[in-house]
Amino acid sequence: GRTWTGVGELCAEMKDKNVLIRGAAQAIRSVSKKMAFLVVRQMMSTVQCVLVVSKDVVSPQMVRFATSLSKESIVDVEGVISVPNEPIKGTTQQVEIQVRKLYCINRAVPNLPINIEDASRSEIEFKKAEDSGEQLVRVGQDTRLNHRVLDLRTPANQAIFEIQSQVEKVFRQFLESEGFRGIHTPKLIAGSSEGGAAVFKLDYKGQPACLAQSPQLHKQMTICGGFGRVFEVGPVFRAEDSYTHRHLCEFVGLDVEMEIKEHYFEVCDIVDRLFVAMFDHLNMNCSKELESINRQYPFQPLKYLPKTLRLTYDEGIQMLKEAGVETEPMGDLNTESEKKLGKLVSDKYNTDFYMLTRYPLGIRPFYTMPCYDNPAYSNSFDVFIRGEEIISGAQRVHLPELLTKRAEQCGIDVKTISTYIDSFRYGTPPHGGFGVGLERVVMLFCGLNNIRKSSLFPRDPQRLTP
Ligand code: AMO
């Protein structure tokens, strides 16, 4: 076979070498009948290809063929690397290819619903271009999502999903190195796993069933099964009614469950070390991706501490109170108060990443362990980035009588979860765990304003396609 070079590998050291690349024809510019430029893109990299009519190699027909290509058509280009004296504007690679052969592998339709170059501009670039009289086509969120395969080709999107892949990688690698076992729990289950109404109901061959709102019940049951420490990466389904910037009807859950020896802070310690390792990894290994996102969607780098700040829920309430924000003392914080607290914490402690512990029991799910010293509170925590929740976690009730009582108190039909409750009758160690929303982590680490930006093909209350 022939030797292919990735567009991202093209560099000045390859001067005078013959290379063969495949990519999308992002931009095509005809200079004259004898000369044309073609920008070819592969993932986040672009290179300028130059066609100049010359005896034996490039014919006028070939130049005409190049300029007749529709944008985004897939092309194979063979040619010689040259290094211009001036820096090349508008491409990532600082070399050119002097084209010798050009093939079109698959044509794109001529009228694309999204122009990739326009859709890659930041808001500031857009304004500048408009002020200088350039004609760009602005694409809104819905157009982008309706034509997601085109939208995904923009450099910022390529970067966002590389970051997502890296977050998942660090999650697995870190936990495996700490003795956690990867598991897969069923997504078709008999009763709601979180209590609450946001559940997709379905008919399971005549039996009522739900799509799992979390792996909660079965990840705990693997602890009953003697697994010790487990993690799962899998889909989570929530029949959300509200259309917000941070709720999806299907998202990717990163879940952990583990035995604890003395205190639920052992779970918090795992969160702490896992996320500090993750943020370090992203900052060290994904600078190209972060720059690319920053260019289209400017954001401040995440501030985090070597050891994650922990405040109790009451301390958080107190900080809000001192800042003049009244909240219900034992009630859940609303989105606005959470954001406000994020700002206060950032100013006072210089971190955008922190934990709130010891939540009131009344606002936590039925399986949450009450505090030993005061059952109005619970051994639970939430974790925030920039004032928005990315993780919930807790110690669980491993005593079947208490668990039954708690489920009843929370209005859950105990029959639908009887096999779960029975699992605790045969000896189960104290345990706890947490659940992370993958799209939320990526959205908030990168300072994005909408979870749809960090979901490949988002599912929200209004969207089931593409
Ligand atoms: P919780 O319901 O808080 O806890 O969910 C855990 C994390 O999942 C993310 N998340 C969402 N992301 C996108 N769209 C949604 N609709 C959505 N809902 C939640 C958030 C949240 O912090 N079983 C527990 C976890 C545990 O205790 O182990 C649970 O599901 O980032």
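Structural notes on the overall build of the protein chain
Of regular secondary structure, the protein chain possesses 14 helices and 16 strands. When the backbone C-alpha atoms are referred to their principal axes, the protein chain occupies close to 90 × 55 × 40 Å. In the protein chain, which comprises 466 residues, the share counted as buried stands at 52%. Of the contacts made within the protein chain by residues no fewer than 6 positions apart, 69% connect residues no fewer than 24 positions apart. Carbon and sulfur atoms make up 52% of the accessible area of the protein chain, which totals about 22,300 Å².

Examining the sheet that holds strand β4 (residues 74-82)
Sheets are built from strands that pair by backbone hydrogen bonding, the pairs being arranged parallel or antiparallel. Around the barrel, five strands lie side by side as β1-β2-β3-β5-β4; this closed barrel has mixed pairing. Sheet twist, expressed as the mean angle between neighbouring strand axes with direction ignored, is 50 degrees. In terms of strand pairing, β4 meets strand β5 (residues 96-106) through nine bridges, oriented antiparallel. Looking at β5, one finds that Asp 76 is bridged to Tyr 103. In the packing of helix α1 (residues 60-68) onto the sheet, contacts are made with β1 (18-32), β2 (35-42), β3 (45-52) and β5, and the angle to β5 comes to roughly 60 degrees.

A look at the packing of aromatic side chains
For the structure on display, the rule yields 12 aromatic pairs. Seen from their ring centres, Tyr 313 and Tyr 359 are 4.9 Å apart, and the 45 degrees between their planes marks the pair as tilted. Residue Tyr 313 is found in helix α10 (residues 313-322), and its partner Tyr 359 is found in the loop between β13 (353-357) and β14 (380-385); the two are separated by 46 residues along the sequence. Each member of the pair, Tyr 313 as well as Tyr 359, carries the same accessibility label: buried. With centroids separated by 5.3 Å and ring planes inclined at 75 degrees, the aromatic side chains of Phe 366 and Tyr 367 adopt a geometry described as edge-to-face.

Re the side chain of Ser 380
Position of Ser 380 relative to the elements: it lies in strand β14. Polar contacts involving the side chain of Ser 380 include one to the side chain of Arg 364, which spans 3.4 Å. Separated by 2.7 Å, the side chains of Ser 380 and Ser 378 make a polar contact. Once residues within four sequence positions are removed from consideration, Ser 380 is found in contact with Tyr 264, Leu 356, Thr 357, Arg 358, Tyr 359, Arg 364, Thr 368, Gly 393 and Ala 394.

Brief notes about the sheet that holds strand β15 (residues 388-395)
The strand order β6-β10-β11-β16-β15-β14-β13-β12 describes an open sheet built from eight strands, whose pairing is mixed. Each edge of the open sheet is held by one strand with a lone partner, namely β6 (181-182) and β12 (309-312). Looking at chain direction, β12 and β13 are connected through four bridges and run parallel. If you follow Leu 311 over to β13, its bridge partner there is Leu 356.

Digging into the pattern of salt bridges
All chains considered together, the criterion is met by 30 salt bridges. Note that Arg 22 is salt-bridged to Asp 76, the shortest N-O span being 2.6 Å. Of this pair, Arg 22 sits in strand β1 while Asp 76 is found in strand β4, placing the two residues 54 residues apart along the sequence. Among the residues examined, Arg 22 registers a relative accessible area of 35% and is labelled partly exposed. Each of Glu 123, Lys 127, Glu 130 and Arg 138 takes part in one network of salt bridges that share partners.

With respect to the environment of Thr 67
Secondary-structure assignment places Thr 67 in helix α1. Separated by 52 residues in sequence, Thr 67 and Ala 119 place their C-alpha atoms 22 Å apart. Other than its neighbours up to four places away in sequence, Thr 67 contacts Ile 28, Ser 30 and Ala 36.

Observations regarding the layout of surface pockets
Of the pockets and cavities examined, the largest pocket occupies roughly 1,200 Å³. The wall of the largest pocket is formed by 45 residues, among which Glu 194, Arg 238, Pro 365, Glu 389 and Ser 392 lie closest to the centre. The residue makeup of the lining of the largest pocket, split by class, is 16 nonpolar, 15 polar and 14 charged. Volume-wise, the second largest pocket comes out at about 900 Å³. In terms of lining residues, the second largest pocket is bounded by 31 residues, among which Gln 26, Thr 46, Gly 90, Thr 91 and Glu 117 are the most central. Of all the secondary-structure elements, those providing two or more residues to the lining of the second largest pocket are β1, β2, β3, α3 (123-131), α6 (155-177) and α9 (287-296). A total of five residues in the lining of the second largest pocket trace back to one element, the largest contributor, which is α9. By residue class, the composition of the lining of the second largest pocket is nine nonpolar, 12 polar and 10 charged.

Remarks on the confidence of the model for the protein chain
Considering every residue of the protein chain, the mean pLDDT works out to 96; 100% of them sit at 70 or more. For this predicted complex, the interface score ipTM comes out at 1.00, while the overall pTM is 0.97.

Some remarks on the site of the ligand
Within the structure, the ligand sits among 23 residues, and Glu 194, Gln 216, Lys 219, Glu 389 and Arg 396 are positioned closest to it. At 2.7 Å from a nitrogen atom of the ligand is found a side-chain nitrogen or oxygen belonging to Glu 194. Take Gln 216: an N or O atom from its side chain is 2.7 Å from a nitrogen atom of the ligand. In the complex, 92% of the free accessible area of the ligand, which totals 620 Å², lies under the protein chains. Here the ligand occupies the largest pocket. At the level of secondary structure, the elements contributing two or more residues to the shell around the ligand comprise α7 (216-224), β15 and β16 (431-437). A total of five residues in the shell around the ligand trace back to one element, the largest contributor, which is β15. Residues of the shell around the ligand, tallied by class, amount to seven nonpolar, eight polar and eight charged.

Parameters at a glance
Residues numbered from 1 in each chain as written. Predicted model: local features only at pLDDT ≥ 70, side-chain atom pairs only at ≥ 80, totals over all residues. Heavy atoms only, no water. Helix = DSSP H or I, 4+ residues; strand = E, 2+ residues; numbered from the N terminus. Buried < 20%, exposed > 50% of the residue type's maximum accessible area, 1.4 Å probe, protein only. Contact = heavy atoms within 4.5 Å. Areas by Shrake-Rupley, 256 points an atom, 1.4 Å probe, with all protein chains shown as cover. Pairing = 2+ DSSP bridges. Axes fitted to C-alpha atoms, helices over the stretch in contact; angles between N-to-C directions. Phe/Tyr/Trp six-rings, centres within 6.5 Å; stacked < 30°, edge-to-face > 60°. Polar contact = N/O pair within 3.5 Å; in protein donor to acceptor, adjacent residues only side chain to side chain. Salt bridge = Lys/Arg side-chain N within 4 Å of Asp/Glu carboxyl O. 1 Å grid on protein atoms, 1.4 Å probe; cavity = no way out; pocket = protein on both sides within 12 Å on 5 of 7 lines; lining within 4 Å. Points joined across faces, edges and corners; volume = space filled by probe spheres on them. Nonpolar A, V, L, I, M, F, W, Y, C, P; charged D, E, K, R; others polar. pLDDT = per-residue confidence, 0-100. Near = heavy atom within 4 Å. Sits in = over half its atoms within 2 Å of the grid points.

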